[in-house]
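Read off the chains here:
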Amino acid sequence: MSNIIDLTLVDLVENIKKKNLSSKEITKAYVERAEKSKKLNTYITEDFNNALKKADNFDNNPDFDKKLPGIPIAVKDLFCTQNLRTTAGSKILENFIPTYESTVTDNIWNEGAILLGKLNCDEFAMGSSNETSFFGNVQSPVAENLVPGGSSGGSASALAAKLTPTTIGTDTGGSIRQPASFTGIVGLKPTYGSCSRYGIVAFASSLDQAGPMTHDVKDCALMFSIISSYDNKDSTSINFKREDYLKKLNKSIKGKKIGIPKEYRVEGMPKEIEDLWQKGINIAKESGAEIIDVSLPNTNYALPTYYIVAPAEASSNLARYDGVKYGFRSKGKNLIDMYEKTRSEGFGNEVKRRIMIGTYVLSSGYYDAYYLKAQKVRRLIKNDFDEVYKKVDAILTPSTPSSAFKIGEKTNNPVSMYLNDIFTVPINLAGLPAISIPAGHDQKGYPLGLQIIGKTFDEQNILNIAYSLEEEINFKNKINDWWI
Amino acid sequence: MTIDLKTVKKISKLARISLDEEKAKKLEADLNSIFEFIKKLNQLDTSKSEPLTSVVDVKLQLRKDEIKSQNIRDQILKNSPDENKDFFVVPKVVE
């Protein structure tokens, strides 16, 4: 048998069920590798000793009917974990110990999984390179001094480096799909309302969704079946019949109508991305899909809309960090002074920038011109998708307009950083599901991803299309363990 | 339109984030470049578009208001930045 860390999640589960491997052996393998991989800075909080104890407990009293029996998993540090520090990558929550568990992580532990620890991310999930974290930037396992993407950068890096067999991230404007694309892994942003937001540190509530990050599409289907659930603790959770997405997974792409939106051919897009997209189109066509040119005319307005809606919601959500009930507090000469100093010292620059944007667009006299305007454009963007989905079953695009960039390359120009999310943001604005799968490498050997966008609650369909493309593409991640 | 230093300072007051002069100037430049980018939306005619407030078409559900967590008072207070085992403590607000 190959090394434990080289197995997919589905294979690990099978091996544990067949008693070829114990939970302790698996957990130990990941812990040992994480100990050798500190240079990547993927973990904010390690919980290895507890994980090993839990693995022992599982082996002494195993339940093989669970879907993740004794499987160790590290998660993004945006999910509240009961009695284990949850920071959201921020100084303001540096010492916060939640008294409750997020529904999504609860679902995973209920299926027998074991928490390894909490993974680095951009502060409050605001960033596209994991450089805004108070706990330092994350290194990509692809190459030294390369960003893993963001905001789920620690998650992407830990998975691609094989420090965890799967992980979960959150995606507000591309925070699962962009880092997945940068590190050669699979990432799914589910339909809004599919996975509960309860216990996830809130960024922009009308856009936030949790989703799986995995080595392949089968693993993704398994994880999605587990984390998606109706939850009355989240007022926008939707009560619909969830499937066993893994059981129903098949390579059905034949006869599927796949739309290619012309507006995604953006100016200045590198030829490598163009070629990758064409490769995806060719494969889909050869596999029997019908390729249809479509138009999403308001695509160009998605990013400006996002940079009004998301900061507006963030400024409201982050109003709770005032230094009173939890988190960091700075001394002030009176209450107001304490608030102002706490928030000035507790938040990093990107978070402050977005709170300022949000406060401005919601302030008296500017609300109509910015926030209301953005909500109206958001409607137009959603209408574009509704129109196109009368003609096609799914949409195929590149995941990002470029491959990963160097650490520090884009930190001085917020707008150039925001442009990273040009292909992912429209999907969040419309509440749709989308999956990024690794599809090739650029000249430098950095991974590139393709994105398949589905109709609302049509995750099974995009998983099936991804499964079919994955086989033909036969992507192999080139990770040479440079940090060990 | 441009955002001047005075506006930046006003927003920082509203957002309860103190700024020194240097940070305020840096933010002025950042915000202007971001709003320059956002300005693009004015090209669009949205007079016939209804604002989209939620992508999900559901009525908000009511649930019973029940206490589910038990005996976590001490744990909650432990997260408080000012050490006091019975209350949340803030600087004096009434003279």
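**Q** Whenever I open this one, the overall build of chain A confuses me. Can you help?
**A** Tallying secondary structure elements over chain A gives 15 helices and 11 strands in all. What you see for chain A is a C-alpha radius of gyration of 21 Å, in line with the 23 Å of a compact globule of 484 residues. Expressed along its principal axes, the backbone C-alpha trace of chain A runs to roughly 65 × 55 × 45 Å. For chain A, the proportion of its 484 residues judged to be buried stands at 62%.

**Q** What is the right way to look at the confidence of the model for chain B in this model?
**A** Residue and element names in this part refer to chain B. Of the residues in chain B, 99% have a pLDDT of 70 or more, and the chain-wide mean is 90. Of all the helices and strands in chain B, helix α3 (residues 73–78) carries the lowest mean pLDDT, 91, while helix α1 (residues 5–14) carries the highest, 96. Both scores are available for the predicted complex, with the pTM at 0.97 and the ipTM at 0.95.

**Q** Help me out: how do you make sense of the interface of chain B and chain A in this one?
**A** In many reports, interface size means the accessible area that the parts give up when they come together. With 43 residues of chain B at the contact, the number on the chain A side is 55 residues. At the level of elements, α1, α2 (21–38) and α3 of chain B are the ones that each hand at least two residues to the side of chain B that touches chain A. Top element by residues in the side of chain B that touches chain A is α2(B). It accounts for 7 residues. Among the residues forming the side of chain B that touches chain A, the class breakdown is 25 nonpolar, 12 polar and 6 charged.

**Q** Teacher, can you tell me more about the sheet that holds strand β11 (residues 447–454) of chain A here?
**A** Whether parallel or antiparallel, the strands of a sheet pair through hydrogen bonds between backbone atoms. Residues and elements named next belong to chain A. Here 8 strands make up an open sheet; going across it, the order is β4-β6-β5-β10-β11-β9-β7-β8 and the pairing mixed. With one partner strand each, in any of the chains shown, β4 (167–171) and β8 (290–294) form the two edges of the open sheet. Sheet twist, expressed as the mean angle between neighbouring strand axes with direction ignored, is 30°. Alignment of strand β5 (residues 186–189) against strand β6 (residues 209–214), held across 2 bridges, turns out to be antiparallel. The partner of Val 186 across the bridge, within β6, is Thr 214. Here helix α8 (residues 271–286) sits on the sheet and contacts β7 (257–261), β8, β9 (394–398), β10 (434–441) and β11; the angle it forms with β9, its principal contact strand, is near 150°.

**Q** What's the story with the sheet that holds strand β3 (residues 114–119) of chain A in this structure? I'm lost.
**A** Residues and elements named next belong to chain A. Judged by pairing direction, the sheet is mixed, and its 3 strands sit side by side in the order β1-β3-β2 without closing on themselves. If you trace the sheet from one side to the other, it starts and ends with β1 (43–46) and β2 (72–76), each paired once. Strand after strand, the sheet turns through a mean of 35° between neighbouring axes, direction not considered. Strand direction decides the pairing type here: β2 and β3, joined by 5 bridges, are parallel. Along β3, the bridge assignment pairs Ile 73 with Leu 115. Of the strands in this sheet, β1, β2 and β3 touch helix α3 (residues 48–60), which is tilted by about 160° from β3.

**Q** Please clarify how the nonpolar core should be interpreted in this entry.
**A** A general feature of soluble globular proteins is that nonpolar side chains tend to end up buried together. Residues and elements named next belong to chain A. Formed by 160 residues in total, the largest nonpolar core has its most connected members in Ile 452, Leu 463 and Ala 466. Of the residues forming this core, the biggest block, 9 residues, is contributed by helix α9 (residues 302–317). Among all residues touching Ala 466, those that are not within four sequence positions of it are Val 217, Ile 435, Ile 437 and Ile 452.

**Q** I keep staring at the packing of helix α11 (residues 349–362) of chain A against α2(B) and nothing clicks. Help me out?
**A** For any two helices packed against each other, the geometry is given by the interaxial angle and the distance between the axes. In the contact formed by α11(A) and α2(B), the axes pass within 11 Å of each other and the chain directions differ by 60°. Accordingly, the angle class assigned to the pair α11(A) and α2(B) is oblique. Of the two elements, α11(A) crosses α2(B), and the hand of that crossing is right-handed. Residue-level contacts link A:Arg353, A:Met356 and A:Ile357 of α11(A) to B:Leu27, B:Asp30, B:Leu31 and B:Ile34 of α2(B). For the contact of α11(A) with α2(B), the residue count by class is 5 nonpolar, no polar and 2 charged.

Reading the values: the criteria
- The residue count restarts for each chain, going from 1 along the sequence in the order it is written.
- Chains and ligands are labelled sequentially in the order written, the chains with letters from A and the ligands with numbers from 1.
- Thresholds applied to this predicted model are a pLDDT of at least 70 for local features of residues and 80 or more for the giving and counting of side-chain atom pairs; totals over whole chains, interfaces and linings are not thresholded and use all residues.
- Each helix corresponds to a stretch of at least 4 residues labelled H or I by DSSP, and each strand to a stretch of at least 2 residues labelled E; elements are numbered beginning at the N terminus.
- Using C-alpha atoms as the atom set, the radius of gyration is obtained and then compared with a globule rule of 2.2 Å times the number of residues to the power 0.38.
- Put plainly, a residue is buried at 20 or more neighbouring C-beta atoms within 10 Å of its own, exposed at 12 or fewer, and partly exposed in between, counting only other residues' C-beta atoms, which are placed from the backbone.
- A score from 0 to 100, pLDDT tells how confident the predictor is in each residue.
- Think of it this way: build a C-beta for each residue from its backbone, and any pair within 7 Å is a contact.
- Note on residue classes: Ala, Val, Leu, Ile, Met, Phe, Trp, Tyr, Cys and Pro are nonpolar, Asp, Glu, Lys and Arg are charged, and everything else, Gly too, is polar.
- The rule for pairing is simple: two strands pair if DSSP sees at least two bridges between them.
- Convention adopted: a line fitted to C-alpha atoms gives each axis, helices being fitted over their contacting stretch, and angles between N-to-C directions are expressed from 0 to 180 degrees.
- Nonpolar cores are identified as sets of buried Ala, Val, Leu, Ile, Met, Phe, Trp, Tyr and Cys residues joined via C-beta atoms within 7 Å.
- Should an angle fall under 35 degrees it is taken as roughly parallel, and over 145 as roughly antiparallel, whereas 65 to 115 is taken as roughly perpendicular and any remaining angle as oblique.
- The sense of a crossing depends on the near helix, which, turned anticlockwise from the far helix by less than a right angle, makes the crossing left-handed and, turned clockwise, makes it right-handed.

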